[in-house]
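Coordinate inspection notes
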Amino acid sequence: MLFNTIDYILFLPVVIIVYYLIPHKFRWIFLLAASYYFYMSWKVEYIFLILFSTLIDYLCGIRMEKLPDKKSRAPWLILSLFTNLGLLFFFKYFNFASNNLNLFFQEFGIPQDLPLMKFLLPVGISFYTFQTLSYSIDVFYGRQKAERHLGYFALYVSFFPQLVAGPIERFSRLTPQLKEKHTFSYENLANGLRLILYGLFIKMVIADNLSGIVDQIYSSPAKYNSLDILTGIFLYSFQIYSDFYGYSIIAIGSALLMGIKIMDNFKTPYLSKNIAEFWQRWHISLSTWFRDYLYFPLGGNRVAKSRWVINILIVFIASGFWHGANWTFIIWGSLYGILYLFENVLNRKLGLKKKHPKFSAVHIILALKTFIFVSFIWVFFRSQSFNDAINIFKLLFENWHVSTASLSIPSSIWIFLFIFIFSDIVLYNKRFDTWIDRLSYIYRWSIYGVMIFAIIAFAGVENFPFIYFQF
Amino acid sequence: MNRGIIKKITIKLVSLILLLVVLNYIYKFFFYEKDLQRYSDVINLVRAVPNDVDIVYIGESSNNSFRDDDIDKRPISALISDYFPDLKIYDITKPASHSGIYKILLQNIPEESQVKTIIVTLNLRSFNTVWIHSKLETSLQKSMVLLKPYPPIVNRFLLSFNAYDIKTEEERVRQIKEIWEKDTLHFPYKFPFKNVLEWDKWMSKTGIKGADGKRDWDKTSLACQYIKTYGFQIDTMNNPRIKDFDKIISLAKMRGWNLVFNLLAENTEKAKKLVGKDIVFLMKENGDILKKYYRSRGITVVDNLNVIPDDQFINQNWTTEHYAENGRKLIAKNVASALKRFYPDKYKEVEYSNILQTSFFNNCEDGVIWGQMSSVTSETSFSGNKSSKTGNGIKYSIVFLYPLKLIPDSLKNEIDIAFKVKPESDNHNGALIIQAKGRNFKNFSQNFSLKGQINQVGKWQDFHQTFIIPDSIKDADLIKIYLFNPSNNIIYLDDFKIDFE
């Protein structure tokens, strides 16, 4: 059940109405049932994975809490890690490993042919396994008390707004809110609906319309001239941003309708002055996860310089690998790591680390530079293979005079893209719901009108799943 | 919830409704038509139906499919027209469609239309799970969303939010397999297989043997296809096609239309030969179920199920309802007989003459059917309103197809070919192509470039060519004559005249 389908448009109001109508003590049962129903709408069998992961982590958490020290808790943490990462490996990385080992065997003439699995990747597996892992690790370190109520724990793992593509929430933030008795609040209703509206607008009007154009370029780049390829590269930056950002704020808005506040996942990332800032503003729940559960345990920056460089590279490569079982993602992550280190050195040498007033000339130039870097790195993310990505770069420099096909972008798409870029600038360090709340009634409803109209009349009409669902 | 909040929500809801009403008008007047042409251009088939039409024939590709060697390539609907020369009969033909699609198309016939009778194709196969869950359904259903009987903005909302049967191919295959597994087959005698899956498995395992005693893979595969296509029993309570046909009946009642259901012919002869009497039993049983169900509701059902012999089915390697000329004529005759009930004074007996035609003319207007009629456009014309457009991906103009061997040798020494052409650029490589194929010679092809005779751009000009028919191809099963234009530059063609002399 995608957020941008009629199924969700019908499902959500029913859930919200019933949620407020039933007594608080039954709400967790209802929300859990709704969440499982939501998840099973993709494939019923997937539910067993989530149940398995939930049960293991629930038991590991309780066992770990009872034990006095890290040493005795360690086997239970390992069990949790093994279960979650095992599931992830089996469903997401098995074929990647098999393929690469087969290539390796072939290269050395070893007569071995490892099998390939024909499973579909369970939706959201990377998200909920990381969410439960964070709980187990927190309990292991004693930062979090183990949850005794299996129902609430299961709800933490499967809460439908953020189940399939995040934001990856921490137990300490989400569960108290799930347990809290929320009374109906007009403010939450209004803000939740505003976020959903804005999310649908940027997903359906921006991302989905850009999708067809970007697909044209990436499916047969040789047909297009360099300028079209460059346009395609930049448009993908906006496509993936509006796609994932759109999903995240619909998730945040949906939860807010029940009075539950989910963390922000994006903060105008394309206005970042450098790669480090970009990762503080892009997919925040994932980057903070890697910071807290990988970077810090590795020693963070409180280590020797050479070790710190390795730590940074490990984190970015792991982040790339988390996204997908393909070398392109590993390269994508590695490039960020290298660029991060390079900028770090350069910023220190040139003194660029000092704060610049927002939208000053320096800020704009640095943001443009970051955007260009990020856009080129996205080429690896979007391409099916390393060779495809290299081919895009090659054609970008070679195809100046090619005119086999020309990219035709309707003016409506340019207009909406401009509106989106403008709104992103306006919303720098703000959120749409709070920003629009300050406008007068007329302005507010005019904006609602434009967005509703655009969603209905200009949305892409293909079945466009959210890009991050594949992870 | 206190009163203040209820008041606030009520105000916002009223504002939203008012906003949607305004947006509906904006959408309807400025964007709806463009969207219709983009996503639901099937509406043009309904719009093309004149208001003063008497009968509308609605069907799928069975209506207008023809075999290359058919002398009369007209659709079934046009052949029915022969029996009622004083009535206006028009067709709405949408390939792969079924009752769910017909229902929506018929709902879109304007109220002011004077149509009195609707003939609806009743295709037995369309009741089968393979068709119900066909991969074509996603795009078909999508093309219908904007035509639903709701305000335009609601329809566009439904389209944007994918409110139609949208499934991946994998999901559809899974659905079909589940139904094959679940649906038990019931025979009045002992039958060894529980369901289609078991039957199909047995057939693919046992196979059909050829004359040499070895397994004939093509025949085996076709037999399996027959089992999967016709191995089902219609459940009138739950079959979605039945529900849609019921809605068509209600619509017809409401609009005062006579309704005729045209139960199409299936290749029972081949089915019996390949699979045996069991499959024919199911085909006949399903036909009987439909006849009984609809006749009891006062609908005229024309039973064509068994009327067409195997050799009149165009697709010999697949299960379709595509008939050659005589097959289409048989269906048309049966439907016309049934229509006599509504138009007793207008009916005229038809005897198709066997007089050989040696002169042919196609002005791209309605009436004469040649191959590649999809190239016909209203963009420009020499005479009438239409011409055949080639270039920019459309390589072939309308194609003349004829079984040359039927013309006596004395009447086929040469072919005189003339047409009007209008090139949009002189940078084209259009050519007249004459091709022949037959059993006694290798395929023959000769081309004549347009360049020698056509040298003006943007103007209609005459092209003329005389072709001496070599003796070697006089027994050709089929001769094809057309304009070939593989370039990106457009060439229009009109008033295509061919004389055998």
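A quick note: this is a predicted structure, and the numbers were derived from the prediction, not measured.

So, on to the domain arrangement of chain B. All names here are of chain B. The assigned domain composition of chain B is domain 1 (3-30), domain 2 (43-185 + 215-339) and domain 3 (359-500). Computed from C-alpha coordinates alone, the two centres of domain 2 and domain 3 are separated by 33 Å. Between domain 2 and domain 3, the contact holds four residues from the first and six residues from the second. Classifying every residue of the side of domain 2 that touches domain 3 gives no nonpolar, no polar and four charged.

On to the nonpolar core, then. Among soluble globular proteins, nonpolar side chains are generally buried collectively. Val205 of chain A together with Ile58 of chain B are the most contacted members of the largest nonpolar core, which has 203 residues in total. With residues up to four places along the chain from it excluded, the contact list for Val205 of chain A reads Phe416, Ala454, Ile455, Phe458 and Ala459 of chain A. Counting 31 residues, the second-largest nonpolar core is a separate cluster that includes Ile415, Ile473, Ile491 and Ile498 of chain B.

All names here are of chain A. When cut into domains, chain A gives domain 1 (6-184) and domain 2 (187-273 + 356-470). Inter-centroid distance (C-alpha atoms) of domain 1 to domain 2 is 28 Å. Each side of the interface is counted separately: domain 1 has 16 residues, and domain 2 has 17 residues. When its residues are assigned to classes, the side of domain 1 that touches domain 2 shows 10 nonpolar, four polar and two charged.

With that settled, consider the interface of chain A and chain B. With 17 residues of chain A at the interface, the matching set in chain B holds 19 residues. Sort the elements by how many residues they give to the side of chain A that touches chain B and helix H18 (residues 441-458) of chain A lands first, with seven residues. Of the residues that constitute the side of chain A that touches chain B, the class distribution is 13 nonpolar, four polar and no charged.

It is worth spelling out helix H12 (residues 240-255) of chain B at this point. All names here are of chain B. A rise of 1.5 Å per residue sets the reference length of H12, with its 16 residues, at 22 Å; its end C-alpha atoms lie 23 Å apart and thus fit the reference within 8%. Along H12, the positions that sit buried rather than exposed are Arg241, Phe245 and Ile248. Looking down the long axis of H12, one finds its buried residues gathered within 50 degrees of arc, a one-sided arrangement. For H12, the exposed residues lying more than 90 degrees away from the buried face are Ser250, Lys253 and Met254. Looking at the buried residues of H12, the elements they touch are helix H5 (99-107) and strand E3 (117-122).

So, about the environment of Asn267 of chain B. Residues and elements named next belong to chain B. In this structure, Asn267 sits in the loop between strand E4 (258-263) and helix H13 (268-274). Judged by C-beta crowding, with 25 C-beta atoms within 10 Å, Asn267 ranks as buried. Along the backbone, Asn267 and Asn306 are 39 residues apart, and their C-alpha atoms lie at a distance of 7.5 Å. Once you skip the residues sitting within four places of it in the chain, Asn267 turns out to touch Asp310 and Phe313.

Now for H5 of chain B. All names here are of chain B. Of all nine residues making up H5, eight are buried, and the element is well covered by its neighbours. Listed as buried for H5 are Ser99, Gly100, Ile101, Tyr102, Lys103, Ile104, Leu105 and Leu106. Here the buried face of H5 lies against helix H3 (43-47), strand E1 (55-59), strand E2 (89-93), E3, helix H7 (136-145) and H12.

For the rest of this paragraph, the subject is unusual backbone geometry. Phi at Asn429 of chain A takes a positive value of approximately 60 degrees, unusual for a residue other than glycine. By the element assignment, Asn429 of chain A lies in the loop between helix H16 (411-426) and helix H17 (432-437). Phi at Asn392 of chain B is positive, roughly 55 degrees, even though this residue is not glycine. Among the secondary structure elements, Asn392 of chain B is positioned in the loop between strand E8 (387-390) and strand E9 (400-402). Assessed through the 12 C-beta atoms surrounding it within 10 Å, Asn392 of chain B is described here as exposed.

Reading the values: rules and limits
- In this convention, every chain numbers its residues from 1, walking through the sequence in written order.
- In the order they appear in the text, chains get letters beginning with A and ligands get numbers beginning with 1.
- It should be noted that, the model being predicted, local features are given only for residues of pLDDT at least 70 and side-chain atom pairs only at 80 or more, the latter also being counted only at that level, while totals for whole chains, interfaces and linings use all residues.
- Here the bounds of each domain stem from an automatic or database domain assignment.
- Here, residue contact means that the backbone-derived C-beta atoms of the two residues sit within 7 Å.
- For this scheme, ten residues count as nonpolar: Ala, Val, Leu, Ile, Met, Phe, Trp, Tyr, Cys and Pro. Four count as charged, namely Asp, Glu, Lys and Arg, and the remainder, Gly too, count as polar.
- Each nonpolar core reported here comprises buried Ala, Val, Leu, Ile, Met, Phe, Trp, Tyr and Cys residues connected via C-beta atoms within 7 Å.
- Here a residue counts as buried when 20 or more other C-beta atoms fall within 10 Å of its C-beta, as exposed when 12 or fewer do, and as partly exposed in between; the C-beta atoms come from the backbone.
- Put simply, DSSP marks the helices as runs of H or I at least four residues long and the strands as runs of E at least two long, and each gets a number from the N terminus on.
- To estimate how far a helix should extend, the number of its residues minus one is multiplied by 1.5 Å.
- Of all possible arcs, the one meant is that of the directions from the helix axis to the C-beta atoms.

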